[in-house]
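Summary of the model geometry
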Amino acid sequence: MQTHDEPALGWTLVLRRQPVHLVGGRPEGSYTDSYELICWDCGDDPDLDYRDIASVFQRIRGPYRLSAGIEAYRQHDRLQHGQPPIPAASSRPRKRTGSADGKTG
């Protein structure tokens, strides 16, 4: 038996595609074009449908478009779980090639 203290598959925060409806913790029907952020550490239950959770969890879950969901994931992880901010892909430093004096080879 798994308790709230033991998240499934070892995750605590996930961005997943939002199902049209959950029944018994399983997606019923198809998925929407939106994503939802689920935080086990904050007390959200991934087996519950969006309509069945408290409004505080609805605000965390979204829904989000993919790029906004990724940013919400980063922000939630940093603010709620004390993780250092992850730089956006465009602001990551590029790998340097060659030697320290700028010469290659």
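Just so you know, these numbers come straight off a predicted model, no measurement behind them.

Some remarks on the confidence of the model for the chain
Averaged over all residues, the pLDDT of the chain is 76; the fraction at 70 or higher stands at 69%. Counting contacts from residues 1-7, a segment whose pLDDT is below 50, to residues more than four positions away or on other chains yields 11 contacts. Confidence over residues 101-105 falls short of pLDDT 50; this stretch has 3 contacts with residues more than four positions distant or in other chains.

Observations regarding helix H2 (residues 66-81)
Helix length check: H2 (16 residues) gives 21 Å between terminal C-alpha atoms against 22 Å at 1.5 Å per residue, within 8%. If you check which residues of H2 are buried, you get Gly69, Ala72, His76 and Asp77. Around the axis of H2, the buried residues are gathered within 130° of arc, so they sit on the same side. When the buried face of H2 is taken as reference, the exposed residues oriented beyond 90 degrees from it are Ser67 and Leu79.

Here we look at the nonpolar core
Within the largest apolar cluster, 8 residues are counted, these being Leu13, Leu37, Cys39, Ile53, Phe57, Ile60, Tyr64 and Ala72. Excluding residues within four positions of it along the chain, Leu37 makes contact with Leu13, Val14, Leu15, Asp44, Ile60, Arg61, Tyr64, Ala72, Tyr73 and His76.

Rules of the game
Residues numbered from 1 in each chain as written. Predicted model: local features only at pLDDT ≥ 70, side-chain atom pairs only at ≥ 80, totals over all residues. Heavy atoms only, no water. pLDDT = per-residue confidence, 0-100. Contact = heavy atoms within 4.5 Å. Helix = DSSP H or I, 4+ residues; strand = E, 2+ residues; numbered from the N terminus. Expected span 1.5 Å × (residues − 1). Buried < 20%, exposed > 50% of the residue type's maximum accessible area, 1.4 Å probe, protein only. Arc of directions from axis to C-beta. Core = buried A, V, L, I, M, F, W, Y, C linked by side-chain atoms within 4.5 Å.

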